[in-house]
Structure formats: structure tokens, C-alpha cells
Amino acid sequence: MSMPATGSHAAARSRPADRVFAASALIAGVVILTALAAVAVFLIAQSIPALIADPATLPTPSTSFWEYVAPLAFGTVWAAALALIMALPVSIGIALFISHYAPRRVSQTLGYVIDLLAAVPSVVFGLWGIKVLAPFVQPFYAWLVDNLGWIPLFAAPVSGTGRTILTVAIVLAVMILPIITAVCREVFLQTPVLHEEAALALGATRWEMIRVAVLPAGMPGIISASMLGLGRALGETMVVAMVLSPALVISFVLTGSANPPTIAGNIALNFPEAHGIGVNALIATGLILFVITLLVNSAARVLINRRKAFSGAN
Amino acid sequence: MSGAANGIVNSLTSARLPKWVPWALLAGSWLVLAIVFGILAAGSGGDYNIVAVVFFGTVLFDVLLVTISYLVEGSRRARDRLVTSLVSTAFIIAILPLVSLLFTVAVDGWKRFDIAFFTQSMRNIVGAGTEQFPGGALHAILGTAEITGMATLISVPIGLMAAIYLVEYGRGHLARAITFFVDVMTGIPSIVAGLFAFALFALLFDDPGIRFGFGGAIALTLLMIPTVVRSSEEMLKLVPNELREASFALGVPKWLTILKVVIPTSMAGITTGVTLAIARVIGETAPLLIIAGFTASMNYDLFNGRMMALPLFVYTQYANPGTDVQPYLDRAWAAALTLILIVMALNLIARLIARIFSPKLGR
Amino acid sequence: MLDPVTSVRLRALMAVAAVSTLLLTSCAANEMYQPDTSSDLSGEINGSGASSQGSASDVWIAAFQTAHPAVTINYSPDGSGAGRKAFASGGVAYAGSDSALSTSELSSNFAACSPGTKAIDLPVYISPIAVIFNIEGVSALNLDAATLARIFKGELTRWDDPAIAALNPGEALPAAPITAVHRSDDSGTTTNFTDYLAQVAPEVWDAPANDSFPYLTGEAAQGTSGVVEAVTNGRNTIGYADASRAGGLGVAALKVGDTFVRYTATAAARVVAESPVESGRAANDLAIALDRTTTNPSHYPLVLVSYLIVCQQYADPATGALVKAYALFVASTQGQALAATSAGAAPLSPDLSARVSAVIETIR
């Protein structure tokens, strides 16, 4: 992140206020690092007993800790990925709709309405998921299994209550949608007007203008927004605990009763009754979630850095 | 059609579909699918599937519109139509669950959205309570306000300053490390943040049963900071460098440039980010249950004694009702409605602040 | 300087802030209401533990606090395991638990108790567990333990299976798949349910009693509320839940001896009253070894017993006095009757109530 602005001021006289400000900014960064280090130390220290313990004493007796954690890690990634696949295109669509399609007056209201969705607490999403969404989509799942059951994703038997990983992914998608939309919207609105007008003046249709001017400039923002959303989906606890019908299996089936659980949901479900090594095992799964997020974010950073030529600060 | 003769289509004069065509097509597709599924349902004796009707109807509409547009208007316009319909469809898809959810919360929450709900706690209230004291959520509203307020007070300065460091000052290993670990922080599951805060304070105060509001605020701070840093960083980066350079050229010190030029320019984005961050943590249940505790009585003191929060109130009213479930559910929905209204109000205030402090833009 | 419009807005903002501050600093109306009592108890104690006795706890605490206005009791339904852990570490003054302290837990130290003294288990909350169902066109269902076990194990998958039909002559069972809903969280309800199946139908249910559901079949849901929700909203479902929450759902009759028995509070209390106290424990420890293999049709063996775990002697005498007064109230006929009406519990039999009260009198 080279900064021409700072570079060009190498010779400027340094003022005390400047130094105080720079130092407090630095301290803020260091505080964050310290806090995170403390959490990491806590996680690792609490996880070690579970990692070295006899696997047979784990909450679900297994041959190794990894066998215990595999379905959980799989379920976490699978549910979050499904949610992101559903939410990302829709969010970009909504953000474009608000920034470039809807009339000005309408778009402000719409933006506000979408932000509202971010305000709904996850417990309420959970309540809505079990009371409204699951019964509503169950017949649809039944239809999918009856007619498209040859696709492994919709293998029989169908869940009798609709509380499957697909339902959870839908709720998660609805939850992360306003986050992704809000960031994308701000980013799209910041597209240089000159670029847009130039494209239109060359005779581009609205879509062509968006494709050549808006989307490339907004790409780092879109990736960033997706990562914010993905982070929330990976770590979401209450919705998964309340809505999902889990079983410790690795399965791609979207419409069945036995769904891979997620790490955060599993911690919430089993922590109250956990004792002895079980507590450590649950915290160790939390450490794994930490690592998963770390990997996902590193991947995103690599993608953004390849495309960072469009950042306004450069 | 002279343009077509040269192989170039003049988009100003080439054939355009009348404005009513997309709407008519949409209604038509839904109707056709409704009839098809009606016949199917009647034939098989199964249930009538309204989701499938809307879903496949919309797909049919998209296909038809693009095909017709391709035939009449050519490929470029067809693609534009396709994207327009996809974008609008995305919007409708997103609005549907929102409407369903808000409708459910509003209708179910309204039943107990009365004065008693905001002037009473749950102390000594059982079931539907009495005529005079039907029970309320004042203790939880107070707790949420204090805990979330404290978390915001801690995390916004830290988060914003860290973002400023990353965008304006940071270079080299430290900046890269902060960026990276802020990303990692987004991955702290909320329940782990609660466990961490609990372990920390139990150790500090040597009290294995410690429960207090401030601990909850610390747990929420851990969850809030990455969101604040991430969104502020994104917004600060979007401030054009020309503005900074112009300010420097006028002899304005760097810290004043940041305070008076960079931050006001990105104010709207930053407030949106902070509001999102508050919205992200104000609904947290799991960490607060562990560190802030559960109580039915009022507690004003953030630093002493158990403190209730609204999401916890919703959850416990739903999960642990007595024999007479309905009054508990009514209170749960009313609390959910209150929570949403609080965040709405925050949102409005954030917008107001953004409007007051950000400079007038060109558009 | 701010322009006029801005300052008007700012003033409006401040007004909003002022109003909300006023609202929040006002006291809760119900807490200012002070009934006349002549109680000299005061102080605050915290408890933590099983969510099963959560709603009963609410009633007990409300009544106790009304009688002793200067007392505050907080009970957080964190779960039995969390409650026992918090109690052992001295974090709370008492715990609620769906299972008695294990011998290994008893061998460790309890921080809240006087050095050298131990904790004791007091059965205070008995609740029948109902097998609830929601099957199209079926209003009554008879099941024996073996069939129930096969349903939840996933061996019986359709409602019109001959094994089920044989128990329900004359009932039109649909030709539809069974969705059996169990708890997804670890829970005392699951412990008692699986204990019943393992005791009565060991040839089918080969897994020991456990607080997590042992098989990978069927559908799972969080908490009693989640199971009730799943059974209510699902199609052709069956599940198990605290009987007080069965609501309008169908409730299966279980085969005890040669008769099919529906749960009643008295039948549930009777099986507890006639089960022996677990042997090998301290004299004041009333952990009960439930005999679920009873063939007496006046018993309903699928019950949950939840304990109050307290110190025999508290390190802090003031806490001891509060816990003692509260526990006495909980075990009293009045406390048990309150739990029965508001939480659907089965009151302790007079015999057991007297025994528990006698033990509580020895708490210091």
C-alpha cells in the first residue's frame, strides 16, 4: 500500500500534533493485535488438552480429534459457502439496483429498508427460520426430492420438517445480504462519475457501462464485502443452533434430515452440558473455526491485492 | 433502417419494445405457471406449491423477455434487458423474506407493545402476570443500551484510529499484520468471545462466577472492532488522493487533513459501517449469556451484578416458557420488535450525523 | 459555525437523547411495588443450571421474592453441566441439575461450601416426559418401549409398519415416512428418555443412557421449544418433550405391564416416590435411582427428576441461610403446588417432600 501522499511529504516539517496523532493511530492498531493475541493464547491454551487427550474420551468417541472435527469443519464451510453463493449475486444486484437503476428518491428508501434487515437480531432470524421459513419450504423440498432425487444434492429421504442445511443457508444468506449490499452500495456510488459518463457517451447500454466502469472499480470492495458476510456466516451461532437438524456426518445432501453441523452452532448446542475434556474439545473446534476464517481471509487478500490498482488512495 | 444496411444499428432509432411488455410478460409467466402447477397439484393430489410458481414463473419471464428482446432489439439490448431483469429480480427476492420477517415481528410483537412493556421488569412476574403488572423488558432495554453503548464507545475510537493507521500511515510488516489479523478477528465465533471475556475477568477478579455488564461490553467489542476497521478502511481508501494532496499543498498538517478532509469525506460510509457493526453485536445472545448473565430485575450498574439484554430476553422467553406459553412468546416478539426499532433509530441518527458533517457532494 | 438547519437538527437529536435517558433511568413500576411482609431476610444469591426447571424456578423465585422483598435470587438456565461446574467452582450458591452429582464430582472440593464438607442432591422437580406426535388423521397412539426404540433408532421408517399397526388396532395409520425428532443439544431430557429405552428395551436400544442422542438417524432440534416446534410444523412427526409443553399435540400412551398408560402428574410422582435412593452416598444425599422397568400400570416410568444441588454447610452463613429458606420453600407443599400449576411439574409425594424438607433443615 504505497502512499504517494506521504512520500511526497518526506521533507515537510514534522509537528508535535502530527506525531501524537500518528502515535495514537499506531497504538489503536497495536491494541487490536494485543487483544487478538490474548484470544489466540486463550484458545490455544484451552485447546491443547483436547488435542493431546485420548480420542475415545471426546464428546463423540473417535479415532482422532480430526475425525471428530471433520464433519463440523465441513458443515461450517458448506453452509457458509451456500449462503454466500445465494447472497452475493443478489446483493450485487440490489446494490446496483439502488445505485444505478432505481430512481434517486426510491433508492434512498430502498437502501434504508435493506439496512433494516441488518438490524434484525439473529435470535429473531432463528425464530423466523423455524416458525415461518422451514414449514414454508418443506413442500418445495419434497417436490425436489420426488422429481430431482437423482441429483445427489437432493437424495431421498426428504426432511419432514424442512429444517435442513439449505434452509439454514437461506436464513444465513438473508442475514449477510444487508452487510454485503451496504458495502457494495457505498462502493458503487463512489465510482468516478467521469468514467460512467464516458462509457455512456460512447453509446454503451446501462449494463455495458456498469460492466466497464462500475464493476471493475468496485471489485476490491465486492471481495471485501463478501468476506465480511462470509465471516458472519462462518461464525453465526444462534440461527444454526435453532434451525438446523444436525447429525455428525459429512453429507452434501441439501434436503435431508441428517445435516453436517457447524462449529459455532455445535459449541452453542453442547457447551452448557459439556464437562471435563468436552469443554476443551469444543474450544478446540473454535480454534479450527479461527483457522478456517484465517485461510478464507488470506485467499481474499490475495485476490484484492491483485486488483488493488483501482483503490482511490493509490 | 438505413443504419442496419451499413451493418451498424443506431440504438436511438432501432426497434424498442414498448414499456408495458416486461410487466405483461411477468404477469403472464406467473399466471401460466400458476395454471400448470394447479393442474399438476390437482392431478397428483399433492399440495399447491406457491414458491415453485413464483420461482419458475420468474425464470420463464426472464427467458421470454431476453428472447423477445434479442429478436426485436438485438443482442446488446437483450443483454441489458437480461441484467435489468436479473437485478430487479434480485431485489424482489431480497424483499420477500424481509417483508415476511418484518410482518411476522410487527404483527406478533404489537400484541405486547404497550406501556407496561417499557416500564416494568420481569421481577416476580410469572406467566401472563397480573392485570396491573403484566411484565416488561425495561431491565433488558437498559442492559442492552448500556452494554452496547459501552462496546461502541470502546471499539469505534480504536477501530477508526486503526483504520486511519492502515490507510494513512501504515506501511511494512506491522500494517500488514494488523490488516491480516483484523480479518482473522472477524472469525472469532461470538460464543468464543464470551468465553474469552469470562476467562479474562474471572482471572482478573479471582471470581469464578463473575457476571457483569462491562464484561459483556468487552466481549461485544471483540466482535465489533473488525467490522469497524474493515468498513472504515474501505471507506477511507475511497477518498481520492487529489483531496489529500490539495490539502497538503495548502500547508495543512497531516493530522488536520485527516480530521477535516479525509474523515468528513468518508463520513457517510463510516457511519454506515459503525451502524452495521452495532447492528451486528446488538443482537448477540450467546456471549452475553456467559459473561453478562441473566436476571429478571433492574440493574443500572455496568460494573457490578448481572445484567439482562434484549436478545437474551427474546431467547429465554422463547426457550423457557411456563405452561402458558403464549404470554412468553408475545413478550419475546415484542422485545424483538423493540430491538429492531432501536437499531432503526440508531440508523436514522447515523444518517443524520452523516448528513450534518459530510461535505456537500457533486451528486 | 453550524448553519441554522443543522443546529435545529442537533437540538432535535439532543431532545431524543434526553427523552430516552429519562425513560431508561426511571425505575421499573413492578419493582417499586412493595407488599407488606414481616420478613427479615435480605441479600442476593445466584443459581445456575438445568433449563428444565427454569420455568418452575421463575415461579418459586417470584413467590419467594414477594414474601421477602429484600431478597434477590437470579437463576440462569445455562444447562445442568454449566450449573454443576459453576457451583463446584464457587461461582453460584446453588445449582439446578437434571442428574445428581457423580461420584467423581463429589470427590472434588466445592468452593462455596465450608472446607471439608460436601454438596448434597435434593430432588425438587419431577416432570413427566411426553412422547408427542403430529400424524395426519391420527389422534391416539399406543407404543411400547421396543417399538419406540425402533422408531427413534431408524429401524421403523413408515407409520403403516405392521409393528406399529399391531399396537394400534382400528387406527388408520397413514402410509407416510416417520420423522422422529430428538434433541440436538445435550440435555437431561435425552438422558432420561434414552435411560428409559435402555432399561426397558435393551435388546433394541443398545446404547447406554447419555445426554446426547446416540444414533445418527432422525431429525434433531434445539431445546424443548425446538422439538415442539419441529413436531408441530413438520409432517408425520414424533418427538419427546417435557409434558408441560405438549400443548395441543397428540401424546402417545406407553405400555407399562399390560396396559397403555398416558402420563399424569400422580403417575409420574409415584414412580419417583417408590424408587430407592441411590446407595453408596452420604446420608443426606437424596439422589434417586429411578426404576423404569416397573410393570405397575399406576406408574409412568418416563419421567425426569431435577435436583437442587446445595452445600451441606456454606462457607458464608448468610448465603447458607438464604439458600436454606429458599430450598425449604421450594420443597414445601406450597412451592410444589406452584410449580405444578405454572410449570406443569408433578408435585413431590408428601412422603418425599417431608424427607427433602428434613434434609434441608440440616443445611447451615
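Remember, it's a predicted structure, so these values are computed and weren't measured experimentally.

Visitor: Could you give an account of the domain arrangement of chain B, naming the residues involved and the relevant values?
Guide: All names here are of chain B. We note that the domain assignment places domain 1 (4-110) and domain 2 (138-357) within chain B. Listed per partner, the contact involves seven residues of domain 1 and six residues of domain 2. Taken together, the two surfaces of domain 1 and domain 2 that pack against each other cover about 510 Å², and 82% of this comes from carbon and sulfur. When the buried surface of domain 1 facing domain 2 is broken down by residue, Val105, Asp108 and Gly109 rank first, second and third, together holding 72% of it.

Visitor: If you had to explain the sheet that holds strand E5 (residues 142-143) of chain C to someone new, which residues and values would you point to?
Guide: Residue and element names in this part refer to chain C. Spatially, E5-E10-E11 is the arrangement adopted by the three strands of the open sheet, whose pairing is mixed. Only two strands of the sheet have a single partner each, and these edge strands are E5 and strand E11 (259-261). Taken together, the two bridges between E5 and strand E10 (residues 253-256) define a ladder with parallel strand orientation. Within E10, the position partnered with Leu143 by the bridge is Leu254.

Visitor: Pulling in residues and values, what's your account of the packing of aromatic side chains?
Guide: In this structure the tally under the stated criterion is 35 aromatic pairs over all chains. With 6.3 Å between their ring centres and 50° between their planes, Trp143(A) and Phe37(B) make a pair best called tilted. With Trp143(A) in helix H5 (residues 122-148) and Phe37(B) in helix H2 (residues 20-44), the pair connects residues from two separate chains. Judged by its relative accessible area of 26%, Trp143(A) is partly exposed. Under the relative-accessibility criterion, Phe37(B) is labelled buried at 10%. Over the aromatic face of Tyr169(B) sits the side chain of Lys254(B), whose NZ or CZ is 4.5 Å from the ring centroid. Seen from the ring of Phe271(A), Lys85(C) lies directly overhead, with NZ or CZ sitting 5.0 Å from the centre.

Visitor: Report on the interface of chain A and chain B, specifying residues and quantitative values.
Guide: Taken together, the 102 residues of chain A in the interface contact 99 residues of chain B. Together chain A and chain B conceal approximately 9,300 Å² of surface at their shared face, both sides included; 75% is due to carbon and sulfur atoms. Contact with chain B buries area across many residues of chain A, yet Phe21(A), Ile32(A) and Tyr112(A) alone supply 8% of it, more than any other trio. Linking chain A with chain B are one salt bridge. At the junction of chain A with chain B, the criterion picks out eight residue pairs in polar contact (both at pLDDT 80 or more). Among the elements that line the side of chain A that touches chain B, the one with the most residues is helix H2 (residues 16-52) of chain A, at 19 residues. Its residues assigned to classes, the side of chain A that touches chain B comprises 67 nonpolar, 23 polar and 12 charged.

How each quantity is defined
Residues numbered from 1 in each chain as written. Chains lettered and ligands numbered in written order. Predicted model: local features only at pLDDT ≥ 70, side-chain atom pairs only at ≥ 80, totals over all residues. Heavy atoms only, no water. Domains from an automatic or database assignment. Contact = heavy atoms within 4.5 Å. Buried area = accessible area lost by both parts, 1.4 Å probe. Pairing = 2+ DSSP bridges. Helix = DSSP H or I, 4+ residues; strand = E, 2+ residues; numbered from the N terminus. Phe/Tyr/Trp six-rings, centres within 6.5 Å; stacked < 30°, edge-to-face > 60°. Buried < 20%, exposed > 50% of the residue type's maximum accessible area, 1.4 Å probe, protein only. Lys NZ or Arg CZ within 6 Å of the ring centre and 35° of its normal. Salt bridge = Lys/Arg side-chain N within 4 Å of Asp/Glu carboxyl O. Polar contact = N/O pair within 3.5 Å; in protein donor to acceptor, adjacent residues only side chain to side chain. Nonpolar A, V, L, I, M, F, W, Y, C, P; charged D, E, K, R; others polar.

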